[in-house]
Amino acid sequence: METLIQGITSITFGQIVMMLIGGILIYLGIKKEYEPTLLIPMGLGSILVNFPQTGVLTQMVGGTKAEGVLDILFKAGINTELFPLLIFIGIGAMIDFGPLLQNPFMLLFGAAAQFGIFFVIIVAVLFGFDIKEAASIGIIGAADGPTAIFVSNQLAQNLLGPITVAAYSYMALVPIIQPAAIKAVTTKKERQIRMTYKAESVSKTTKILFPIIVTILAGFIAPISLPLVGFLMFGNLLRECGVLDRLSATAQNELVNIVSILLGLTISVKLQADQFLNLQTLMIIAFGLVAFVMDSIGGVLFAKLLNLFRKEKINPMIGAAGISAFPMSSRVIQKMASDEDPKNFVLMYAVGANVSGQIGSVIAGGLLLSFFM
């Protein structure tokens, strides 16, 4: 009884707040189905790491250093970048680059929709963050959790907790954030623009060569991005080669699920009250939202710019699909198009822009590392 009372009285207000935040993350994962594979383990992890003298973190017990299991996992999976890279193999195996290969023009939107990253880097520096911290905050706009973890772990590991929470929260909120951002910079008439889709087959050889060529180009353009691009494209090669179907299925399911659970639990090491509850965290979450919104707006404005010179107009909403939140963003764009005109079908163009955004985000992450490491 005395031990129980001592444990209760030793807990701080900040630790209680972090446990409540953990509960909110679990609620959002279960009830709202917002990125449940990450938010649920992250939420429970936030509760585990905020107990006084918790055994999941490294503690001194009787003068002896006792390694906590989450610290061990953090060193093995985050410090080495292993967990995010393994997830990239699974993501690559899930992606069909066919819609992009049918319309290579969509690659431009994958580049344009990274605008928010660089915009927020400038803003964060003006607000007092150093350039490495600003780059880590900006990458939230990539709408790509593993990339955000990979970059921030190398440039500003002290910000890893709030950056991860912001990145995955905003990824889950794409259906809420993107429509508001898009409507702010488009007219109803622009959202009703129809695009004629011509289905063209893509040869198996092309699909096999694509990940290899992208990897080679990334190696010359931003070699430091090769862990990101290489693992993503390796996963895609598993999918497309036709002789490793079992490995492709494993990468898409068992591998991603297991690593996501471990990643969510492990990231909670950075959700300790003394590290998370401060003004800096609120600024990171706010700037992350700005980066996310400006990515979408940047893609839309780029499409509108192209329309000044094109006879066949592009529905500017396609530009917003150039973020990395695949396939959620392309579904949002199609829904918005259908709401404005039930007969408007832009999904395949949106998917093409969306998968190009996956490539764009990892290359952007690699460029940040090459600039600021």
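The structure presented is a predicted model; accordingly, all values stated were derived computationally and were not measured. (Residues numbered from 1 in each chain as written. Predicted model: local features only at pLDDT ≥ 70, side-chain atom pairs only at ≥ 80, totals over all residues. Heavy atoms only, no water.)

Chemist: How do you make sense of the overall build of the protein when you look at a structure like this?
Modeler: Counting secondary structure elements, the protein contains 21 helices and 2 strands. The C-alpha atoms of the protein give a radius of gyration of 21 Å, which matches the 21 Å a tight globule of 373 residues would have. Projected onto its principal axes, the C-alpha positions of the protein cover 75 × 45 × 40 Å. Per-residue burial for the protein yields a buried fraction of 53% across its 373 residues. A separation of at least 24 residues holds for 76% of the contacts in the protein among residues at least 6 apart in sequence. A total of about 16,500 Å² of accessible surface is found on the protein, and carbon and sulfur atoms cover 68% of it. Charge-centre separation for the protein: the mean point of 23 positive side chains lies 11 Å from the mean point of 21 negative side chains. (Helix = DSSP H or I, 4+ residues; strand = E, 2+ residues; numbered from the N terminus. Rg over C-alpha atoms; globule rule 2.2 N^0.38 Å. Buried < 20%, exposed > 50% of the residue type's maximum accessible area, 1.4 Å probe, protein only. Contact = heavy atoms within 4.5 Å. Areas by Shrake-Rupley, 256 points an atom, 1.4 Å probe, with all protein chains shown as cover. Lys, Arg positive; Asp, Glu negative; His and termini not counted. Charge placed at Lys NZ, Arg CZ, Asp CG, Glu CD.)

Chemist: Explanation requested: the pattern of salt bridges in the structure shown.
Modeler: Pairing is possible between side chains that carry opposite charge, provided their charged atoms lie close to one another. As enumerated under the stated definition, the model contains 8 salt bridges in all. Taking the shortest distance from any N to any O, the salt bridge between Glu240 and Arg239 comes out at 3.4 Å. Ionic contacts of the salt-bridge type, sharing partners, join the residues Lys188, Arg191 and Glu340 into one network. (Salt bridge = Lys/Arg side-chain N within 4 Å of Asp/Glu carboxyl O.)

Chemist: I'm lost on empty space enclosed by the protein in this one. Help?
Modeler: It is the rolling of a water-molecule-sized probe over the atoms that shows where space remains empty. On inspection of all chains with the given rule, the structure shows 1 cavity of 30 Å³ or more. In this structure, the largest cavity occupies an estimated 30 Å³ of space. What lines the largest cavity is simply Asp96, Phe97, Gly98, Leu101, Lys207, Phe210, Asn236 and Glu240. Looking at the lining of the largest cavity, the elements with two or more residues in it are helix H6 (98-102), helix H14 (204-221) and helix H15 (226-240). Considered class by class, the residues forming the lining of the largest cavity number 3 nonpolar, 2 polar and 3 charged. (1 Å grid on protein atoms, 1.4 Å probe; cavity = no way out; pocket = protein on both sides within 12 Å on 5 of 7 lines; lining within 4 Å. Points joined across faces, edges and corners; volume = space filled by probe spheres on them. Nonpolar A, V, L, I, M, F, W, Y, C, P; charged D, E, K, R; others polar.)

Chemist: What is the right way to look at the layout of surface pockets in this model?
Modeler: The volume enclosed by the largest pocket comes to roughly 740 Å³. Forming the walls of the largest pocket are 29 residues, and the residues nearest its centre are Glu35, Met94, Met171, Phe326 and Pro327. Elements represented by at least two residues in the lining of the largest pocket include exactly helix H3 (36-48), helix H5 (82-94), helix H10 (145-155), helix H11 (160-172), helix H16 (245-267) and helix H20 (328-340). Of the residues forming the lining of the largest pocket, the biggest block, 5 residues, is contributed by H16. Split by residue class, the lining of the largest pocket holds 17 nonpolar, 8 polar and 4 charged.

Chemist: Just checking my understanding: could you explain the nonpolar core for this structure?
Modeler: It is characteristic of soluble globular proteins that their nonpolar side chains tend to be buried jointly. Grouped together as the largest cluster of nonpolar side chains are 98 residues, with contacts concentrated most on Phe97, Ile137, Leu263, Ile318 and Ile333. The greatest single-element share of this core, amounting to 10 residues, is contributed by helix H21 (residues 347-372). When near neighbours in sequence (up to four residues on either side) are disregarded, Ile318 contacts Met106, Phe109, Met195, Ile333, Val346, Tyr349, Ala350 and Ala353. (Core = buried A, V, L, I, M, F, W, Y, C linked by side-chain atoms within 4.5 Å.)

Chemist: Explanation requested: the packing of H10 against H21 in the structure shown.
Modeler: Think of two packed helices as two axes; the pair is described by the angle between the axes and how far apart they sit. Two elements in contact, H10 and H21, have axes whose closest approach is 10 Å; the angle formed by their N-to-C orientations is 5 degrees. Relative to H21, H10 is oriented roughly parallel. Where H10 approaches H21, its residues Thr147, Phe150, Val151, Gln154 and Leu155 are matched on the opposing element by Ser361, Val362, Gly365, Leu368, Leu369 and Phe372. Class assignment of the residues belonging to the contact of H10 with H21 gives a composition of 7 nonpolar, 4 polar and no charged. (Axes fitted to C-alpha atoms, helices over the stretch in contact; angles between N-to-C directions. Parallel < 35°, antiparallel > 145°, perpendicular 65-115°, else oblique.)

Chemist: Quick question: what am I supposed to make of H10 here?
Modeler: The buried fraction of H10 is high, at 10 of 11 residues. What H10 keeps buried is the set Gly145, Pro146, Thr147, Ala148, Ile149, Phe150, Val151, Ser152, Asn153 and Leu155.

Chemist: Please explain the UniProt feature "transmembrane region" (unreviewed entry) in the protein as it appears in this structure.
Modeler: Taking the numbering used here, the UniProt-annotated feature "transmembrane region" (unreviewed entry) corresponds to residues 12-30, 82-101, 107-127, 134-155, 167-187, 208-235, 282-302 and 345-372. Taken end to end, residues 82-101 is 85% helix and 0% strand, and its two terminal C-alpha atoms sit 30 Å from one another. With 81% helix and 0% strand, residues 167-187 has end C-alpha atoms that lie 29 Å from one another. (UniProt positions renumbered as here; feature names shortened; annotations may be inferred.)

Chemist: Please explain the packing of H5 against H15 as it appears in this structure.
Modeler: Where H5 meets H15, the closest approach of the two axes is 6 Å, and the angle between their N-to-C directions is 40 degrees. By the criterion of interaxial angle, the relationship of H5 to H15 is oblique. Judged by the twist between their axes, the crossing of H5 over H15 is right-handed. Of the residues in H15, those touching H5 at Leu85, Phe88, Ile89, Ile91, Gly92, Ala93 and Met94 are Pro227, Leu228, Phe231, Leu232, Phe234, Gly235, Asn236, Leu238 and Arg239. Its residues assigned to classes, the contact of H5 with H15 comprises 12 nonpolar, 3 polar and 1 charged. (Left-handed = near helix turned anticlockwise from the far one by under 90°.)

Chemist: It is not clear to me how unusual backbone geometry should be interpreted in this structure. Could you clarify?
Modeler: A negative phi holds for most residues other than glycine; trans holds for most peptide bonds. Despite not being glycine, Glu81 has its phi angle at roughly 70 degrees, a positive value. As for its position among the elements, Glu81 is in the loop between helix H4 (69-78) and H5. Even without glycine at this site, Ala143 takes up a positive phi of about 55 degrees. Judged by relative accessible area, which is 1%, Ala143 ranks as buried.

Chemist: Sorry, what's going on with the environment of Glu81 here?
Modeler: When its relative accessible area of 8% is taken as the criterion, Glu81 is described as buried. Through-space distance from the C-alpha of Glu81 to that of Val293 is 27 Å; in sequence the pair is 212 residues apart. Every residue in contact with Glu81, bar those within four places of it in the chain, is listed here: Phe150, Asn153 and Gln154. Among the polar contacts made by the side chain of Glu81, one reaches the side chain of Asn153 at a distance of 3.0 Å. (Polar contact = N/O pair within 3.5 Å; in protein donor to acceptor, adjacent residues only side chain to side chain.)

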